[in-house]
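Here is how the chains run, residue by residue.
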Amino acid sequence: MSEKITHPAPADIAQSHDHVLIVDFGSQVTQLIARRVREAGVYCEVHPFNRVDAAVLAAFKPRAIILSGGPSSVTDEGAPRADAAVFEAGVPVLGICYGQMCLVAQLGGEAKGVGDREFGRATLTINKPSPLLEGLAPVGGSETVWMSHGDRVTALPPGFEPIASSDGAPYAVLADEARRFYGVMFHPEVVHTPNGARIIQNFVRHIAGCSGDWTMGAYRAEAIAAIRAQVGESGKVICGLSGGVDSAVTAVLIHEAIGERLTCVFVDHGMMRKGEAEEVVGLFRDHYNIPLIHADESALFLGALEGVSDPEVKRKTIGRLFVEVFEQKAKGIGGAGFLAQGTLYPDVIESVSFDGGPSVTIKSHHNVGGLPERMNMALVEPLRALFKDEVRALGRELGLPESFVGRHPFPGPGLAIRCPGEITGEKLDTLRAADAIYLDEIRKAGLYDQIWQAFAVLLPVKTVGVMGDGRTYEHVCALRAVNSVDGMTADYYPFTHEFLGRTASRIVNEVPGINRVVYDVTAKPPGTIEWE
């Protein structure tokens, strides 16, 4: 599926809150700016720089504007610029890194490359007080910040004064307090700037005066009203459940809005984790009493995957069969005019190119890929305005158990891509048992919520071992655990050797077919989080 998005969030929900507009110049961490603004209790949207003009600003009515970083140099020919209307809107403006360069260059100052680059941690010295830095170190004190720039400001625009400096940036923070225009050379949105979230909160809450009323409690009521308005008094909705948090929250929210006019379809492809299918069915059919079709099609999927070892063929086969089964079950419901989908705001952001090129395809989810066009149904996407952490918070508001809300990401093809090579029922059972032990040990150690994703992989190799007085020749199990913010980059989780030894011992002793355990310490990049 692909869409061109201009104002992606539900307007009837968004218009009831103060707005902040983030103008995107292509930074890899622009989404983090939006997350920090949301964490401050303020609604925001990300728009490409070349799609922000006076008409967009008049329609969006932002209380403040943030200019993101970006890969360009402000001195490049044709370098991106903010529309002049941004600085004429009468609202506070904060420029971050490249955004600071644009602000300076467009308002009469000078920014250029001078050979003094700063990458990584730097020390910021605060030279003058400013409401932007309220609650940070006092004048004369210092803060740790994260720099990533080659250009720097060499002359201030009229009305601006320097607020803070670093070794490589004499104007690391600058301000025109009268117009409420600010620029920072570092990245306050990243975790490597410890007090960066406070800076963004100061800007949106104290300088811009946003009320901070963006909460998942409020969103719950507004989303329910929006769903009822879209579906009407008699419309029916179908929703594909994958077992993940996005589809679960989508389903519970829509059920709260329209009751039994929602039917969920859970296509069980036989590659879920241990006990997962039973947990999904029990939660939605028994606990929430949501109409649910449980399609156990494990034999169909495993039959189609027999002899298949190429990971892309696996993915495409599973995706194609999922669509076919879902479509068949949906037709049996009769009269459903709406299809619920767990699209999140990052999917929407990524569907619009910041540089004006063709839209990037929204990532296809295995449970709905291709269905809207084929089934001629209207989409209901109640999570379209939310980030992942907001979805989890909404799930808690809806009373979903923590086992669902805090669940690690799980790929649509399931264990198929954690079992490199040909898949068999026996291999999947072996992997399920090892994975369950691994996650059990992680939970017993109190580490589950500290880890972004953890899972076992059954490798397509066998090794010689010895158990008792006998020789064994069995599979190798690899363990993977990573920390990440958004899944784009990741590093391995530093388990203790004691933990790894204990877990490996349990797997080898309790799981027939495995005689060796290894731990994957590859970062992303160069590796990926999943093995296939």
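For the structure itself, consult the block above.
These notes cover the structure that comes with them. None of the values given here were measured: they were computed from a predicted structure.

Reading the values: rules and limits
Residues numbered from 1 in each chain as written. Predicted model: local features only at pLDDT ≥ 70, side-chain atom pairs only at ≥ 80, totals over all residues. Heavy atoms only, no water. Core = buried A, V, L, I, M, F, W, Y, C linked by side-chain atoms within 4.5 Å. Buried < 20%, exposed > 50% of the residue type's maximum accessible area, 1.4 Å probe, protein only. Contact = heavy atoms within 4.5 Å. Axes fitted to C-alpha atoms, helices over the stretch in contact; angles between N-to-C directions. Helix = DSSP H or I, 4+ residues; strand = E, 2+ residues; numbered from the N terminus. Parallel < 35°, antiparallel > 145°, perpendicular 65-115°, else oblique. Left-handed = near helix turned anticlockwise from the far one by under 90°. Nonpolar A, V, L, I, M, F, W, Y, C, P; charged D, E, K, R; others polar. Pairing = 2+ DSSP bridges. Salt bridge = Lys/Arg side-chain N within 4 Å of Asp/Glu carboxyl O.

**A few points about the nonpolar core**
Core analysis: the biggest nonpolar cluster contains 72 residues, and L67, L103 and L132 have the highest contact counts within it. Aside from chain neighbours lying at most four places away, what touches L103 is L67, F87, V93, G95, F160, L174, F181 and Y182. Among the nonpolar cores identified, the runner-up in size contains 45 residues, and L241, V249, Y288 and V391 belong to it.

**Quick word on the packing of helix α6 (residues 216–231) against helix α7 (residues 245–258)**
For any two helices packed against each other, one specifies the crossing angle of their axes together with the interaxial distance. It is at 9 Å that the axes of α6 and α7 come closest, and there the two elements cross at 65°. Classified by the interaxial angle, the pair formed by α6 and α7 is roughly perpendicular. At the point where α6 passes α7, the crossing takes the right-handed sense. Judged by residue contacts, R220, A223, I224, I227, R228 and V231 of α6 engage L253, I254, E256, A257 and I258 from α7. Counted by class, the contact of α6 with α7 contains eight nonpolar, no polar and three charged residues.

**Thoughts on the sheet that holds strand β13 (residues 338–340)**
Taken in spatial order, the five strands line up as β12-β11-β10-β13-β14 in an open sheet, and their pairing is parallel. Edge positions in the sheet fall to β12 (292–296) and β14 (378–380), since each has one partner strand and no second. Strand-to-strand, the axes of this sheet are offset by a mean angle of 25°, without reference to chain direction. Here strand β10 (residues 237–241) runs beside β13; their pairing, made up of three bridges, is parallel. Bridging across to β13, I238 finds its partner in L339. Across the sheet, α6 touches β10, β13 and β14, and the angle it forms with β14 is around 165°. Along the sheet, helix α10 (residues 311–333) makes contact with β10, β11 (262–268), β12 and β13, crossing β11 at roughly 150°.

**Focus: the pattern of salt bridges**
Per the stated rule, a full pass over the model turns up 23 salt bridges. E532 is the partner of K314 in a salt bridge, and the nearest nitrogen-oxygen pair spans 3.0 Å. Here K314 is found in helix α10, whereas its partner E532 is found in the segment after β18 (514–519), with 218 residues between them in sequence. On the accessibility criterion, K314 (0% relative accessible area) is buried. Since its relative accessible area comes to 18%, E532 is described here as buried. Here R506 makes a salt bridge to D440, at a shortest N to O gap of 2.8 Å.

**Observations concerning the packing of α7 against helix α13 (residues 388–397)**
One can describe the packing of α7 onto α13 by two numbers: an axis separation of 10 Å at closest approach and a directional angle of 45°. The angle between the axes of α7 and α13 places the two elements in the oblique class. Judged by the twist between their axes, the crossing of α7 over α13 is left-handed. Contacts from V245, D246, V249 and L253 of α7 reach α13 at K388, V391, R392, L394 and G395. Classifying every residue of the contact of α7 with α13 gives five nonpolar, one polar and three charged.

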